[in-house]
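Residue-level structure breakdown
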Amino acid sequence: VLESEGDLPGTITLDDETFIKNARLVDKIYQSSARYKSLDGYRYYYVQAAAKDVRGYNYLTKNNYTAESLIDVALIPADKVEAVKNALIGICKNGNRGVNCDSTVAAALKNNKLADVFTRYYPAGQKLWSEFFDIPASGTRTDVIWANDVMMVPFNTPAIAKFEPYLRDNIHDEFRFGTWAMQLNFGTFADGPRLVFEAGVVPHVNGLGGNEITMDSNQPIEEYESQWTIRHEFGHVIGLPDCYHEFYDTTLQAYVNYQLDITDLMCSRAGNMTERIYKQLEKAYKK
């Protein structure tokens, strides 16, 4: 069926469970291949992005490692030494691109100086981690009004009528927390957000706090993927950064992609509005 050029069969010879299982595997391969093709023209950028890999910081933080706990290598469980070493290499790369981090950490391990590496580079990992979640000053909009538990955001009325409820229903449904809600105010704004469509593009916004959401015109807006994407991309319009990371690993010769929090709308397709997002918006816009 996948490789021939003939007509698709009129009946399915597999039971539903087997068909769905295999269809999902095929879709996973297809999506991975499509993503690879869309990224590989920018491989140089993704090689540089490896310096922002925060898995080392995450490992050290989740496992409660501190400079004090690393003061003596002999106190680290033998089965954890390699993981700690790799995590320290990671935060070293976060903090200084001019250093050979592999040899730096290897020397520190040999000389029982891992605590020194931790002290020097852990703040760099912490800073990068925060950048995946915090709304920067440069991404904060100036045309938002926060009053009476409502955050009002202007939006240019789409030329095609069906896109107004598509925006309104998705944004209003997602961006609410407790008694707080978000409201789109449609109208004509010279510098307000707008929705545009192009065929075959990867959906995106022209920067944090940007005004142009570009969606793929080949994707029906009724699909879940489109509905999730417009919610996620609108998050960028109000300054929320992505909290997933993607880079090219020259050792693996592969693209690496991971999500920092699968429950979070800005990190994962499985995510939604969270208290974390609400607090970021409150901090940026509530006066």
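Here we summarise the structure given alongside this text. Note that the structure is a prediction, hence the values are computed from the model and not measured.

Basis of the calculations
Residues numbered from 1 in each chain as written. Predicted model: local features only at pLDDT ≥ 70, side-chain atom pairs only at ≥ 80, totals over all residues. Heavy atoms only, no water. Helix = DSSP H or I, 4+ residues; strand = E, 2+ residues; numbered from the N terminus. Contact = heavy atoms within 4.5 Å. Pairing = 2+ DSSP bridges. Axes fitted to C-alpha atoms, helices over the stretch in contact; angles between N-to-C directions. Parallel < 35°, antiparallel > 145°, perpendicular 65-115°, else oblique. Left-handed = near helix turned anticlockwise from the far one by under 90°. Nonpolar A, V, L, I, M, F, W, Y, C, P; charged D, E, K, R; others polar. Expected span 1.5 Å × (residues − 1). Bend = angle between axes of the 7 residues up to and from the residue. Buried < 20%, exposed > 50% of the residue type's maximum accessible area, 1.4 Å probe, protein only. 1 Å grid on protein atoms, 1.4 Å probe; cavity = no way out; pocket = protein on both sides within 12 Å on 5 of 7 lines; lining within 4 Å. Points joined across faces, edges and corners; volume = space filled by probe spheres on them. Disulfide = S-S within 2.5 Å.

Some remarks on the side chain of glutamate 174
Structurally, glutamate 174 is set in helix H7 (residues 163-174). In this view, glutamate 174 contacts Arg231, Leu265, Asn272 and Met273; residues no more than four positions away in its chain are not counted.

Some remarks on the sheet that holds strand E6 (residues 204-205)
Strand pairing within a sheet occurs via backbone hydrogen bonds; the two strands may be parallel or antiparallel. The three strands are arranged E5-E7-E6 in an open sheet whose pairing can be described as mixed. Lying at the two open borders of the sheet, with one neighbouring strand each, are strand E5 (194-198) and E6. Looking at chain direction, E6 and strand E7 (residues 212-216) are connected through two bridges and run antiparallel. Looking across to E7, one finds that histidine 204 is bridged to threonine 214. Packing of helix H8 (residues 224-237) onto the sheet brings it into contact with E5, E6 and E7, and relative to E7 it is tilted by some 160 degrees.

Quick notes on the sheet that holds strand E4 (residues 180-187)
The four strands are arranged E1-E2-E4-E3 in an open sheet whose pairing can be described as mixed. A strand with exactly one partner marks an edge of an open sheet, and here the two such strands are strand E1 (145-147) and strand E3 (176-177). Pairing of E3 with E4 involves two bridges; the strand directions are antiparallel. Looking at the pairing, phenylalanine 177 lines up with tryptophan 180 of E4. Sheet strands in contact with helix H9 (residues 275-285) are E1, strand E2 (150-156), E3 and E4, and its direction is about 105 degrees off that of E1.

A closer look at the packing of helix H4 (residues 81-95) against helix H6 (residues 114-131)
Running from N to C, H4 and H6 point in directions that differ by 60 degrees, and their axes come no closer than 7 Å. With respect to each other, H4 and H6 are oriented oblique. As H4 runs across H6, the sense of the crossing is left-handed. Contacts between H4 and H6 pair Leu88, Ile91, Cys92, Asn94 and Gly95 from the former with Leu114, Val117, Phe118, Tyr121, Tyr122, Ala124, Gly125 and Leu128 from the latter. Partitioned by chemical class, the residues of the contact of H4 with H6 number 10 nonpolar, three polar and no charged.

Focus: H6
Along its 18 residues, H6 runs 26 Å from first to last C-alpha, staying within 8% of the 26 Å computed at 1.5 Å per residue. Of all the bends in H6, the largest measures some 40 degrees and sits at tyrosine 121, one to four residues before the proline proline 123. Those residues of H6 that fall on the buried side of the exposure criterion are Leu114, Ala115, Val117, Phe118, Tyr121, Tyr122, Gly125, Leu128 and Trp129.

Considerations on the layout of surface pockets
Considering only enclosed or pocket space, the largest pocket measures out at about 2,100 Å³ in volume. Lining the largest pocket are 46 residues, with Arg35, Val202, Tyr244, Glu246 and Arg269 sitting closest to its centre. Within the residue set of the lining of the largest pocket, elements represented by two or more residues are helix H1 (16-39), helix H2 (43-48), H6, E6, H8, strand E8 (244-249) and strand E9 (254-259). The dominant element in the lining of the largest pocket, judged by the number of residues it contributes, is H1, at nine residues. Residue classes in the lining of the largest pocket are distributed as 18 nonpolar, 16 polar and 12 charged. Roughly 750 Å³ of internal volume is contained in the second largest pocket. Going through the elements one at a time, H2, helix H3 (55-62), H4, helix H5 (101-110) and E8 are the ones with two or more residues in the lining of the second largest pocket. For the lining of the second largest pocket, the element with the most residues is H4, which contributes seven residues.

Some words on the state of the cysteines
Per the stated rule, a full pass over the model turns up two disulfides. Each disulfide pairs two cysteine sulfurs, and for cysteine 243 the partner residue is cysteine 267, the sulfurs being separated by 1.9 Å. Residues cysteine 243 and cysteine 267 are joined by a disulfide whose S-S torsion is about -105 degrees; by sign, that bridge is left-handed. Of this pair, cysteine 243 sits in the loop between H8 and E8 while cysteine 267 sits in the loop between E9 and H9, and the two are 24 residues apart along the sequence. A relative accessible area of 0% places cysteine 243 in the buried class. If the cysteines joined by disulfides in the protein chain are listed in sequence order, their pairing comes out as 1-2, 3-4.

So, the packing of H3 against H4
The contact between H3 and H4 brings their axes to 7 Å, and the two run at 130 degrees. As the angle between them shows, H3 and H4 are arranged oblique. You can see that H3 and H4 cross each other, and the crossing is left-handed. Of H4, the residues touching H3 (which contributes Gly56, Tyr57, Tyr59 and Leu60) are Ala83, Val84, Ala87, Leu88 and Ile91. Broken down by class, the residue content of the contact of H3 with H4 amounts to eight nonpolar, one polar and no charged.

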